[in-house]
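Notes for the structure review
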Amino acid sequence: MKCFDQFIEDLRAIWADTPDLEQRMTRAKAKIEILLGDKDLLKASKDWPCTDPHKNLLFYEDPDYGFVINGVVRSPGRKGGIHDHAQAWVLYGLLDGTETLERYQRIDDGSKPGYAEIKLTSAPQGSPGQADLVPPYDIHSEKGGPGRSVAVIVRSERLVGHTLQGRYNPETNEYHEGHGPDQIPYQIP
């Protein structure tokens, strides 16, 4: 798909020109917002399979720079677990539907293994065309809206199979590290 191929070219150019990872991801935010506005991509996304529970569509992994482009398709009301993405930066762009991105702050000192106290700090509702930049170790959760929702995600690096990510349970204050979502290879036509 032309818009997706252009998006990959744009990201590769950003990675080639910009050594700082945060600056790369900040510049990529403008590019993903252009992609999210493409009507052909929106139409194609109607056929993408649901990724519930704990799966991502794997659209692209760059062989030179290592960034990854994923897709998530949530059924109505689907709630993602509270987690972080370890050292990776993540751009989360909503293509279709509505979702809420809950942000949390850790309020304990992290000294007790398997334990984390967190509190909700914000929960803005996202709409199509919006992208949110999630810094490393930022604790968050995505909550699906009343209808099917579709997101495109850019990760600064592949985490699944390489890096464990934090998982948080605010009811029990349990913390553990686990693997990210299963990666399902999927080609955008």
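Everything numeric in this text was worked out from a predicted model, so none of it was measured.

1. Side note on the side chain of His-83
In this fold, His-83 is placed in strand E3 (residues 82–83). The exposure class assigned to His-83 is buried, which follows from its relative accessible area of 10%. At 2.7 Å, the side chain of His-83 and the backbone oxygen of Gly-81 are in polar contact. Among all residues touching His-83, those that are not within four sequence positions of it are Asp-138, Ile-139, His-140, Ser-141, Glu-142, Gly-166, Arg-167 and Tyr-168.

2. Remarks on the sheet that holds strand E2 (residues 68–74)
Here we have six strands laid out as an open sheet, ordered E8-E4-E10-E2-E1-E13, and mixed in their pairing. Looking at the sheet topology across the chains shown, the edges are occupied by strand E8 (131–134) and strand E13 (182–185). On average, adjacent strands in this sheet sit at an angle of 30° to one another, irrespective of strand direction. Alignment of strand E1 (residues 55–61) against E13, held across four bridges, turns out to be parallel. By the bridge assignment for E13, Leu-57 is matched with Ile-184. Across the sheet, helix H2 (residues 21–36) lies against strand E4 (90–96), E8 and strand E10 (149–155), angled at about 10° from E4, the strand it touches most.

3. A few points about the nonpolar core
Counting 30 residues, the largest nonpolar core has Phe-4, Trp-48 and Ile-69 as the members making the most contacts within it. The element that contributes the greatest number of residues to this core is helix H1 (residues 2–17), accounting for seven residues. Look past the residues within four positions of Ile-69 in its chain and what remains in contact with it is Phe-4, Phe-7, Ile-8, Leu-11, Leu-57, Leu-58, Phe-59, Tyr-60, Val-152, Ile-153 and Val-154. Val-90, Tyr-92, Ala-151 and Ile-153 belong to the second-largest nonpolar core, a separate cluster that totals eight residues.

Definitions and limits used
Residues numbered from 1 in each chain as written. Predicted model: local features only at pLDDT ≥ 70, side-chain atom pairs only at ≥ 80, totals over all residues. Heavy atoms only, no water. Helix = DSSP H or I, 4+ residues; strand = E, 2+ residues; numbered from the N terminus. Buried < 20%, exposed > 50% of the residue type's maximum accessible area, 1.4 Å probe, protein only. Polar contact = N/O pair within 3.5 Å; in protein donor to acceptor, adjacent residues only side chain to side chain. Contact = heavy atoms within 4.5 Å. Pairing = 2+ DSSP bridges. Axes fitted to C-alpha atoms, helices over the stretch in contact; angles between N-to-C directions. Core = buried A, V, L, I, M, F, W, Y, C linked by side-chain atoms within 4.5 Å.

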